[in-house]
Amino acid sequence: MLDFLAEYGYWGMFIASFLAATIVPLSSEAVLSLLIYSGSSPLWCWVSATMGNVLGALTCYWIGRLGKIEWIEKYLNISYDKLQSAVGWMHKKGAVLALFTFLPVVGDLIAVALGYMRSNLFWVIIFTLIGKGMRYWVWLMMHDFVVSIF
């Protein structure tokens, strides 16, 4: 599947990173590496990966904002107890925690909880953009090293 997405270039990168930020377990970093290895522009790969991942996280945010617990449990596999626990812990920290939506497993929970808490959308977008952008920037900086291992 990763090869299939890489064949679509920057659009494939966008789709892979969007899906990776939602409920689909997918390695957008692998698609990013395939594209860089095949000679695609690192800048445009970074832009498409970051934008797709931010929009994927905002999808989770909006599902949380809708507040339909049955959807959150069914589609995102996040239990009500986990969500309540995250909301309680995040309550005073607010939108700045969107910086950490890039983290595997808990990133989706953070995005959903921020939506459920109705955190300020502007700040959620800004901090998500910074966190996701840094994630892919670090991967690009490490790309040559990682590829040399394999």
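In this text, all values refer to a predicted model and were calculated from it rather than measured experimentally.

## A short note on the overall build of the protein
Step number 1: Across its full length, the protein holds eight helices and zero strands.
Step number 2: The N-to-C order of helical and strand elements in the protein reads α-α-α-α-α-α-α-α.
Step number 3: Scaling as 2.2 N^0.38, a compact globule of 150 residues should have a C-alpha radius of gyration of about 15 Å, and the protein matches this with 16 Å.
Step number 4: Dimensions of the protein, computed from the C-alpha atoms along their principal axes, are close to 45 × 25 × 25 Å.
Step number 5: Every one of the 150 residues in the protein was classed for burial, and the buried ones make up 43%.
Step number 6: Here the contacts in the protein between residues at least 6 apart in sequence split such that 74% fall between residues at least 24 apart.
Step number 7: By element, 70% of the accessible surface of the protein is carried by carbon and sulfur atoms, the whole surface being about 8500 Å².

## Describing a nonpolar patch on the surface
Step number 1: Taken together, the side chains of Ile23, Leu66, Trp71 and Tyr75 define a hydrophobic patch exposed on the protein surface, amounting to about 420 Å² of accessible area.
Step number 2: We classify Ile23 as partly exposed; its relative accessible area is 48%.

## Let's talk about the nonpolar core
Step number 1: In terms of nonpolar packing, the biggest core is built from 24 residues, with Ile72, Ile78, Leu83, Met90, Val112, Leu114 and Val124 touching the most fellow members.
Step number 2: Looking at this core, the elements with two or more residues in it are helix 4 (42–66), helix 5 (69–76), helix 6 (80–90), helix 7 (106–116) and helix 8 (121–149).
Step number 3: It is helix 7 that contributes the most residues to this core, six residues altogether.
Step number 4: In contact with Leu83, not counting residues within four places along its chain, are Ile69, Ile72, Ile78, Leu109, Val112, Ala113 and Tyr116.
Step number 5: Ranked by size, the runner-up nonpolar core spans 13 residues in total, among them Ala6, Leu35, Tyr136 and Leu140.

The rules behind these values
What you see as residue numbers is a count from 1 along each chain, following the sequence as written. Under the rules for a predicted model, residues below a pLDDT of 70 receive no local features and side-chain atom pairs below 80 are neither given nor counted, while totals for whole chains, interfaces and linings still include all residues. Hydrogens are left out, water is left out, and the side-chain values use all remaining heavy atoms of the structure. For the purposes of this entry, the term helix denotes a DSSP run of H or I that reaches at least four residues, the term strand denotes a run of E that reaches at least two, and both are numbered from the N terminus. Put simply, the radius of gyration uses C-alpha atoms, and a globule should come to 2.2 Å times the residue count raised to 0.38. Buried, partly exposed and exposed residues are distinguished by accessible area as a fraction of the type maximum, computed with a 1.4 Å probe on protein chains only: under 20%, between the cut-offs, and over 50%, respectively. Whether two residues are in contact is decided by their heavy atoms: any pair within 4.5 Å suffices. The accessible surface values rely on the Shrake-Rupley method and a 1.4 Å probe; as for residues, cover is taken only from the protein chains in view. Candidates for patches are residues over 30% relative accessible area with no salt bridge; among them, like charges are joined within 9 Å and nonpolar side chains (Val, Leu, Ile, Met, Phe, Trp, Tyr) within 5 Å. Whenever Lys or Arg places a side-chain nitrogen within 4 Å of a carboxyl oxygen from Asp or Glu, that contact is recorded as a salt bridge. Definition of nonpolar core: a set of buried residues of the types Ala, Val, Leu, Ile, Met, Phe, Trp, Tyr and Cys, connected through side-chain atoms within 4.5 Å.

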